[in-house]
Structure formats: C-alpha cells, structure tokens
Amino acid sequence: MTGYSLTFGPVIERWPLLVDGLVLTIVLTLVGMFLGTGAGLLIALARRSAHWPLRWLARGYVEIFRNTPLLVQLFIVYLGLPSLGIRFSPVAAACVALVLNNAAYTSEIIRAGLAATPRGQVEAAKSLALRPWQILAFIVLPPALARVYPALVSQNVLLMLSTGITSTIGAQELTAVVSDINSDTFRSIEAFSVAAGLYLVLNYLQRLLLWLLGLRLFRGSRVWA
C-alpha cells in the first residue's frame with residue numbers, strides 16, 4: 001500500500017485553464033471537421049473525375065495522408081514548412097494538419113457512398129435532361145452522404161480525440177493544459193482522470209449533435225435511418 005489518496009481539489013481549482021483548453025479542443029475539432037469534410041468531398045469527386053491527372057493527384061494525396069502518422073504531418077506543417085518561408089502559429093499549424101488529415105479519411109468514406117449509388121438513378125436523371133451538376137447535387141450526393149453519414153460521424157469523433165496530439169507543438173488544448181496542471185500539482189491520476197472525463201463528455205455531446213444534424217439533413221431518408 002502506498003497510502004496515496006485521491007485529491008481532486010488542486011486540479012478542479014484550476015478550472016479556468018481547463019475551460020480554455022476545452023474551448024481550444026472544440027475549436028480545433030470544428031475546424032478540422034467542417035473544413036476537412038468539405039475538402040474530403042472535393043477530393044472524392046476528384047477521384048471520380050474523367051481527367052486522369054486529377055484522379056491520380058487526388059489518389060496520391062489520399063495515399064500519403066492515410067499512410068503517414070498525424071504526428072509526422074503536424075511536425076512537417078509546424079517545423080518543416082518554415083524552411084520554405086511558410087510559418088504558422090501552433091494553433092494554425094494544428095488546424096492545417098487536422099484539416100489535411102481528416103480530408104484524406106473523409107474522402108474515402110464519401111467515395112464509398114458515391115460508388116454505391118445505383119446507376120439506374122443516374123441514367124433516369126440523364127433521361128430527364130438534367131445537367132451533370134444537377135445530377136450530382138440532387139440525385140447522387142444526398143443519398144450517398146446519407147448512406148455514409150454514420151461513418152463520417154465516427155471519423156469526426158476520432159478527429160476530436162486526435163486533437164490531443166497537437167499539444168506536442170505547443171497548442172494549449174485540453175491535453176496540454178492538463179499536462180501543465182499535472183506538472184504544477186503532481187496529481188497525475190486526478191489530472192488525467194479529469195481529462196478523460198471531459199473527453200468522454202465531448203465524445204457523447206459531439207455524437208448527439210451530429211445525430212441531430214443528420215436527422216435534419218437527411219429527414220425521411222431510409223438509407224440513413
């Protein structure tokens with residue numbers, strides 16, 4: 001027996017720091033989620049392009065970012081790009097790396113949804129003399145996104161959990177703040193237990209909000225339901 005007793009007071013009394021870290025974690029998640037998913041949609045469409053250079057460029061992007069660690073990508077953006085005269089603050093570098101990484105994963109999810117679209121629907125739309133962009137926007141894309149929406153939700157929850165990696169370049173998100181609190185208080189179990197609890201709350205809250213968003217976006221969709 002070590003005689004160790006749990007004391008959360010020194011951690012909880014630093015709640016303003018925890019709130020600041022929590023806010024930055026949410027900001028990083030939102031930026032990576034919305035910009036990454038938007039970029040992923042464009043990459044998925046590029047993978048289906050009739051122009052082979054665009055297809056191969058998109059494929060190369062996906063292969064690079066899905067087969068290298070997020071941490072390495074983060075270091076390249078924050079530590080490598082300054083050699084080329086491109087400098088980012090820790091928060092900006094974190095946002096860039098998260099967007100680039102998430103775009104690669106969401107593009108493959110969306111591409112799978114697009115590939116599962118019945119060809120008969122497209123042919124029927126063409127017979128109605130719809131323009132290609134109309135077929136994509138109104139016939140192909142809505143059911144494709146509805147079909148893969150649960151996978152997109154899971155991917156973006158993983159993105160939120162990955163924001164802790166950005167503490168390695170000095171972004172003061174939740175993990176970085178809790179690490180500082182641990183260094184000040186030496187209450188490791190308490191500090192990281194609080195962090196785990198906050199991440200759990202963020203996890204379930206994010207899933208709930210995205211579920212509600214899905215209900216609104218894909219109302220009446222049998223595929224998503």
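Residues numbered from 1 in each chain as written. Predicted model: local features only at pLDDT ≥ 70, side-chain atom pairs only at ≥ 80, totals over all residues. Heavy atoms only, no water.

The next thing to look at is the overall build of the chain. Broken down by element type, the chain carries 9 helices and 0 strands. Once the C-alpha set of the chain is aligned to its principal axes, its extents read approximately 75 × 45 × 30 Å. For the chain, with 225 residues in total, the buried portion stands at 38%. Relative to all contacts within the chain whose residues are 6 or more apart in sequence, the contacts with residues 24 or more apart total 77%. (Helix = DSSP H or I, 4+ residues; strand = E, 2+ residues; numbered from the N terminus. Buried < 20%, exposed > 50% of the residue type's maximum accessible area, 1.4 Å probe, protein only. Contact = heavy atoms within 4.5 Å.)

Their axes nearest at 7 Å, the elements helix α2 (residues 15-47) and helix α3 (residues 52-66) cross at an angle of 130 degrees. The angle between the axes of α2 and α3 places the two elements in the oblique class. Read as a crossing pair, α2 and α3 show a hand that is left-handed. Taken together, the residues of α3 that come into contact with α2 (itself represented by Ile 43, Ala 46 and Arg 47) are Leu 54, Arg 55, Ala 58, Arg 59, Tyr 61 and Val 62. (Axes fitted to C-alpha atoms, helices over the stretch in contact; angles between N-to-C directions. Parallel < 35°, antiparallel > 145°, perpendicular 65-115°, else oblique. Left-handed = near helix turned anticlockwise from the far one by under 90°.)

What follows covers helix α8 (residues 174-185). For α8, spanning 12 residues, the distance from its first C-alpha to its last is 16 Å, which sits close to the expected 16 Å at 1.5 Å a residue. Within α8 the residues assigned to the buried category are Leu 174, Ala 176, Val 177, Val 178, Ile 181, Asn 182 and Thr 185. Buried residues in α8 make contact with α1 (9-12), α2 and α9 (188-217). Between the side-chain oxygen of the N-cap and the backbone nitrogen of Thr 175 there are 3.0 Å, and the N-cap of α8 in question is Glu 173. Of the residues trailing α8, Phe 186 is marked for its positive phi of about 60 degrees. (Expected span 1.5 Å × (residues − 1). Polar contact = N/O pair within 3.5 Å; in protein donor to acceptor, adjacent residues only side chain to side chain.)

Let us now look at the environment of Thr 25. One can find Thr 25 in helix α2. The exposure class assigned to Thr 25 is buried, which follows from its relative accessible area of 0%. Linking Thr 25 and Ser 162, residues 137 residues apart in sequence, is a C-alpha distance of 9.7 Å. Among the polar contacts made by the side chain of Thr 25, one reaches the main-chain amide nitrogen of Leu 174 at a distance of 3.1 Å.

So, about the nonpolar core. Of all hydrophobic cores here, the largest spans 19 residues; its most connected members are Leu 28, Ala 97, Leu 98, Tyr 149, Val 153 and Leu 210. If you list the elements that add at least two residues to this core, you get α2, α4 (70-80), α5 (90-115) and α7 (132-162). In this structure, Leu 98 is in contact with Leu 28, Gly 32, Leu 70, Leu 159, Thr 163 and Thr 166, ignoring residues within four places of it in sequence. Counting 12 residues, the second largest nonpolar core, distinct from the first, contains Val 11, Val 178, Ile 181 and Leu 202. (Core = buried A, V, L, I, M, F, W, Y, C linked by side-chain atoms within 4.5 Å.)

Take α4 next. Turning to α4, its buried residues number three or more, namely Leu 70, Gln 73, Leu 74 and Val 77. Buried residues of α4, viewed axially, fall in a sector of 100 degrees; they line one side. (Arc of directions from axis to C-beta.)

This brings us to the pattern of salt bridges. This structure, assessed with the given rule, holds 5 salt bridges. Between Glu 108 and Arg 111 there is a salt bridge; the shortest N-O distance is 3.1 Å. Of this pair, Glu 108 and Arg 111 both sit in helix α5, 3 residues apart, roughly one helical turn. Judged by relative accessible area, which is 18%, Glu 108 ranks as buried. Salt-bridge contacts for Arg 187 lead to Glu 190; the nearest nitrogen and oxygen are separated by 2.8 Å. (Salt bridge = Lys/Arg side-chain N within 4 Å of Asp/Glu carboxyl O.)

Of note, Val 77 is situated in helix α4. The class for Val 77 is buried, based on a relative accessible area of 6%. Between the C-alpha atoms of Val 77 and Ala 94, which are 17 residues apart in sequence, the distance is 8.2 Å.

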